[in-house]
Amino acid sequence: MTYSDTDVAIIGMACRFPGADSVEQFWNVLHEGRETLTRYTDEELLAAGVPPERLADPGYVKAGQEIPDVDLFDADLFQITPDEAEILDPQHRIFLECALTALERSGYDPDRTDGHIGVYAGAGLNTYLLSNLSERYRAASSVDHYRLMLANDKDFLATRTSYKLNLRGPSLSVNTACSTSLVAVHTACLALLGGECDMALVGAVHLAPRGQGYQYQEGMIFSPDGHCRAFDAQAQGTVIGSGAGVVVLKRLKEALADGDWIHAVVKGSAVNNDGANKTGYTAPSIAGQAEVIADAHEVADVTPDSIGYVEAHGTGTPLGDPIEVAALTQAFRQGTDDTGFCGLGSVKTNVGHLDTAAGMAGLIKTALMLEKRSLVPSLHFTEPNPEIDFASSPFYVSTGTADWPATDGPRRAGVSSFGIGGTNAHIVLQEPPAAPEPAPAARTHELLVLSAGTEAGLRRATTALARHLRQHKDLDLGDVAATLGLGRRGHRHRLALVADGARDAAMALALGKEERLLRGTVGTEETGDPVLVLTGAGAAAADSAELYRAVPAYRSAVDACAAALPGGVEPEALPAGGGVRAAFCHEYAVATALLDWGVTPAGLAAAGTGLAVAAALTGALALPDALALAEGGTPTAVQPPRLPVLSARTGGWLTEDESRQPANWAADTAGSPSAAAADALEGLLADEERPLLRLAPDEGAPAGAAHLLTLAGQQWVRGAALDFAAVHAGRDLRRLPLPTYPFERSRYWVEPGRTGESTETDDSGRLVAQFDPADPARSVELITDWLVEEAGRLLGGRDRVGLDANLFDMGVDSLVLIEVVSKLSKEVDFTVPPTSFIEFPTVRAFVDNLAELMGLTTGPQAGAAAAAGRVSRRARRAQARQADNQDL
């Protein structure tokens, strides 16, 4: 199978469609031939605000295609305050979650991804603003008007996603009605091929009003019974539905080189507009559709007879379906006269018409069909529309689930999407390349890491991974480990496991084997940089051989030791040879590997041969001199170490003068068991608050690579920023679509008609009326309490407000704080500078500064706050400029 430099890979997908909250669930819907229509009772419709007289209308269809829980959102994960989340368009919320899921399924964490990731996204009509926030908008201040615009306008969907996910490529909102999704894909592919970005996040979202049916009217596109019968003689329209879909795109050759999971390949795409050559603005055009399909074939450099399936726009209207088949036939006839060879279907028969997200549903459906080499049914087709001449066309309607038969070339498909207003898009897809045969495993064990924002979320993530591994027992655990390490952000609550296979990992995770599960919560007293405990412990020959073979950093350190010794020592045999030389080499290589992987020790505690290892690691001695010291030599000079070193020789941390004395680096416990030496060192460190990390395994514990990975896992759960690219260096690994972040959603929803509580007070209720000139400290307390209350309202409770917490870091927007300052000015009858929170972003620093401005303090409290590090970088730069000006 040959590929072109212009091919683009789909390496990640995520969706929330009716009846399917994941790609796997969506495939089940398609493969089983299910329709996801929801029928509403009169009671449900009345509760949703539908007037009783409308329910009595026989033309009112009590059905819809909806997704659940659109009022729920994981605001904390995206550092969005409850106040902002409540006014944020639910379409934006759902898209953010889908975007993160798609990136995680592709195996990429933006914070650790080289290159730029672009965003190309579109949203439907914002009914939440119209129906739920309209009263609030009418009563809002100018600042709140601006906030509502930022939270609800389509223009900010892509850029908000880039901001929240730290994506630095082009960020474009794309909106062309029903063709939005495929136009976004087309635009992203051009950007990738033009070098504007290295990966692209592409998708769309549309939410219809919740829990409501619709009014059928003959001639419109709405079905009279809730069913979409694309291409059928009884077709009378479709159902508008809700949904979101996102894909991750990457240049194919780079995706292959990087070991990405490839769902399908975009061979080419085209976009055009009908212009005025049609009966009306909303009408379709045979000429426009035929042209865009033929253009896509030309761009993809494929012939029509090589395409085995077309995912049609397929709205199921008596007018639109015949026009679409006529246009397809016209385009295909430019390259073939064959008939009946190409399947035709429409996902709208399953999930309805998702408006801006409709093309994304069709794209993901077709990519899954190509990936799984399976055709799925287009529903409700029994007899063709009499205006469609299928017999003389290249097409037949695919009505069953079947294997997609192989042909002389690769399986290919087309996907069409035609927007109201005439913007047409067509994409040619091809099946993914065959996955390479897995390389023989160099390691017997792998390090799996999981994290979440809460302990409950971590339990859900653990359960999901255990279930996935049980269901996919043939997964390469190295691929699983690399995907989890490289493709997920590290959150506060963490878990790590060292396992020797998918079955072993699944059992340990499912049964919660605490003796094997490493747990930690970042930011607690137990976390922080460790002190490495070095005792000169050696390793069994098999263990050192595995480490030398499987860990490049270990191998490089051993090679360096061999090069530092006279006589041409064989490197691989060096740590297995026994004696102090082998012990030095092994422990030095283990420590070097940990440092290479990102472990940053606060210091080293060393005894015996470990002192020589510490001297080499800290630069106190060059490696040849440290090796000589380990074997009983005496160095002529010692440099001050780059890290603090506790020497068993002195019984304490070496001072600079002590570190220059060679005797303090000499082994005093040569021949002592490493465990005893470690115990002695830990006794010396008993009063230290820093965690200790023994490099030697406990008696009976796993050794070799399993032990090294356990040491790394212990540090990761304590907050270490492990370099997982280094952990997995030198290995040909594939990224896998694994379970993604377990969102912990809360309800953020403004009911229609709610305007929010009034914050206006009369003069007697203002803070200034409570001030006592004789007690300025009390006035400062009142201001502080008022600000904590306001910040708590924004953040979801007073308990979330720390006096020294940076409000911007907690997700509070500057516009919100400007409004808070404006309200505070009225409360204290004093003009508070509107940029005060920019300069002083914590409650304490802000109040200290304001108290000084108002003359409520006798000393420069704001200056003290700045000295304590509670002001912003901008404030410190301003202070530096003021100091420079004073010097002038």
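The residue count restarts for each chain, going from 1 along the sequence in the order it is written. Per-residue local features of the predicted model are confined to residues with pLDDT of at least 70, and side-chain atom pairs are confined, for both listing and counting, to 80 or more; whole-chain, interface and lining totals are unaffected and use all residues. For the side-chain quantities, the full set of heavy atoms in the structure was used; hydrogens and water were omitted.

Description of the packing of aromatic side chains
So, point 1. Two aromatic rings, drawn from Phe, Tyr or Trp (for Trp, its six-membered ring), form a pair once their centres lie within 6.5 Å of each other, and the interplanar angle then sorts them: stacked below 30 degrees, edge-to-face above 60, tilted otherwise. Taken as a whole and judged by the stated rule, the model has 12 aromatic pairs.
So, point 2. When the ring of Phe231 is compared with that of Phe390, the centres are 6.4 Å apart and the planes differ by 80°; the resulting orientation is edge-to-face. With Phe231 in the loop between strand 9 (214–215) and strand 10 (243–251) and Phe390 in the loop between strand 14 (374–375) and strand 15 (395–397), the pair connects residues that are 159 residues apart, well separated along the chain. Considered together, Phe231 and Phe390 belong to a single accessibility category, that of buried residues. Starting at the N terminus, helices and strands are each numbered in turn, a helix being any DSSP run of H or I of at least four residues and a strand any DSSP run of E of at least two. Exposed residues in this analysis have more than 50% of their type's maximum accessible area, buried residues have under 20%, and partly exposed residues fall in between, with area computed by a 1.4 Å probe over protein chains only.

Let's talk about the state of the cysteines
Each disulfide is one covalent bond, formed between the sulfur atoms of two cysteines.
So, point 1. Criterion for a disulfide: a pair of cysteine sulfur atoms within 2.5 Å. On inspection of all chains with the given rule, the structure shows 0 disulfides.
So, point 2. For Cys178, which is in no disulfide, the shortest distance to another cysteine sulfur is to Cys228 and amounts to 13 Å.
So, point 3. Judged by relative accessible area, which is 7%, Cys178 ranks as buried.

What about the nonpolar core?
So, point 1. In this structure, Leu201 and Phe584 are the most contacted members of the largest nonpolar core, which totals 138 residues.
So, point 2. The criterion used for residue contact is that any of the two residues' heavy atoms lie within 4.5 Å. Setting aside residues up to four positions removed in sequence, Phe584 forms contacts with Cys561, Thr609, Ala612, Val613, Ala616, Leu623, Ala626, Leu627 and Ala630.
So, point 3. The next biggest cluster of nonpolar side chains, apart from the first, holds 50 residues, and it includes Phe26, Cys197, Ile364 and Leu368. What we call a nonpolar core is a set of buried Ala, Val, Leu, Ile, Met, Phe, Trp, Tyr and Cys residues that are connected through their side-chain atoms within 4.5 Å.

What to know about the sheet that holds strand 15
So, point 1. A pair of strands is treated as paired once DSSP finds two or more bridges between them. Taken in spatial order, the 11 strands of this open sheet run 7-6-8-10-1-11-18-17-12-13-15, and their pairing is mixed. The sheet terminates laterally at strand 7 (171–173) and strand 15, the two strands that pair on one side only. Strand-to-strand, the axes of this sheet are offset by a mean angle of 25°, without reference to chain direction.
So, point 2. Across 3 bridges, the pairing between strand 1 (residues 8–16) and strand 11 (residues 264–273) is antiparallel. Residue Val8 lies in a different strand from strand 11, and its bridge partner there is Val266.
So, point 3. Together, strand 6 (117–123), strand 7 and strand 8 (199–206) form the strand contacts of helix 9 (residues 157–165), whose direction differs from that of strand 6 by roughly 140°. Lines fitted to the C-alpha atoms define the axes, with helices restricted to the stretch that makes contact. Angles between their N-to-C directions range from 0 to 180 degrees.

Focus on the environment of Val239
So, point 1. Here Val239 shows up in the loop between strand 9 and strand 10.
So, point 2. Relative accessible area serves as the criterion here: at 2%, Val239 is assigned to the buried category.

Quick notes on helix 21 (residues 579–596)
So, point 1. For helix 21, spanning 18 residues, the distance from its first C-alpha to its last is 26 Å, which sits close to the expected 26 Å at 1.5 Å a residue.
So, point 2. Taken residue by residue, helix 21 has Ala582, Ala583, Phe584, Cys585, His586, Glu587, Tyr588, Ala589, Val590, Ala591, Ala593 and Leu594 as its buried positions.
So, point 3. Gly598, located one to two residues past helix 21, shows a positive phi value of around 110°. To estimate the expected span of a helix, subtract one from its residue number and multiply by 1.5 Å.

Comments concerning the pattern of salt bridges
In a structure, side chains of opposite charge can pair up when their charged atoms sit close to one another.
So, point 1. Counted as salt bridges are all cases of a side-chain nitrogen of Lys or Arg within 4 Å of a carboxyl oxygen of Asp or Glu. Inspection of the entire model under this criterion finds 44 salt bridges.
So, point 2. In this structure, the salt-bridge partner of Glu104 is Arg488, at a minimum N-O distance of 3.6 Å. Remark: Arg488 occurs in the loop between helix 17 (477–486) and strand 20 (493–499) and Glu104 occurs in helix 5 (residues 90–106); sequence separation between them is 384 residues. For the pair Glu104 and Arg488, one class covers both residues: buried.
So, point 3. For Arg747, the salt bridge is made with Glu751, and the minimal N-O distance between the two is 2.8 Å.
So, point 4. Counted as one network, the salt bridges with shared partners bring together Asp83, Asp144, Arg147, Glu790, Arg793 and Lys823.

Looking at the pairing of strand 6
So, point 1. Across the 7 residues of strand 6, 7 count as buried, placing the element largely inside the fold.
So, point 2. Side chains Ile117, Val119, Ala121 and Ala123 of strand 6 all project onto a buried face; the interleaved residues Gly118, Tyr120 and Gly122 project onto the opposite face, where all are buried too.
So, point 3. Note that strand 6 and strand 8 share 7 bridges and pair parallel. Each residue of the ladder has a partner; that of Gly122, found in strand 8, is Ala204.
So, point 4. When strand 6 meets strand 7, the two strands line up parallel, connected through 3 bridges. Bridge pairing links Ala121 to Ser173 in strand 7.

Considering the sheet that holds strand 26 (residues 692–694)
So, point 1. Taken in spatial order, the 5 strands of this open sheet run 25-24-23-22-26, and their pairing is mixed. Looking at the sheet topology across the chains shown, the edges are occupied by strand 25 (652–653) and strand 26.
So, point 2. Relative to strand 26, strand 22 (residues 531–534) runs parallel, the two sharing 3 bridges. Paired with Val531 across the two strands is Leu692, which belongs to strand 26.
So, point 3. Packed on one face of the sheet, helix 22 (residues 609–617) meets strand 22, strand 23 (603–606) and strand 24 (645–647) and runs near 155° to strand 23.

Describing the packing of helix 20 (residues 552–564) against helix 23 (residues 623–630)
So, point 1. Two numbers describe how helix 20 lies on helix 23: the axes approach to 9 Å, and their chain directions differ by 80°. Classified by the angle between their axes, helix 20 and helix 23 sit roughly perpendicular to one another. Contact residues: Ala560, Cys561 and Ala564 in helix 20; Leu623, Pro624 and Leu627 in helix 23.
So, point 2. Gly falls in the polar group here, along with every residue not listed as nonpolar (Ala, Val, Leu, Ile, Met, Phe, Trp, Tyr, Cys, Pro) or charged (Asp, Glu, Lys, Arg). Of the residues that constitute the contact of helix 20 with helix 23, the class distribution is 6 nonpolar, no polar and no charged. We call two directions roughly parallel when the angle between them is under 35 degrees, roughly antiparallel when it is over 145, roughly perpendicular when it lies between 65 and 115, and oblique otherwise.

Considering the side chain of Thr315
So, point 1. If you trace the backbone, Thr315 turns up in the loop between strand 12 (309–311) and helix 13 (320–332).
So, point 2. Not counting chain neighbours up to four residues away, the residues in contact with Thr315 comprise Cys228, Gly237, Thr238, Asp321, Lys348 and His353.

Quick look at the packing of helix 8 (residues 142–152) against helix 29 (residues 814–828)
Two measures define how a pair of helices packs: the angle their axes make with one another and the distance between the axes.
So, point 1. Packing of helix 8 against helix 29 brings their axes to within 10 Å, and their N-to-C directions diverge by 165°. Considering their axes alone, helix 8 and helix 29 lie roughly antiparallel with respect to each other. The element helix 8 and its partner helix 29 pack so that their crossing is left-handed. Contacts from Val143, Asp144, Tyr146, Arg147 and Leu150 in helix 8 reach Leu815, Val816 and Glu819 in helix 29.
So, point 2. Among the residues making up the contact of helix 8 with helix 29, the classes are represented as 5 nonpolar, no polar and 3 charged. Each crossing is labelled by how the near helix is turned from the far one, with a counterclockwise turn of less than a right angle marking it left-handed and a clockwise turn marking it right-handed.

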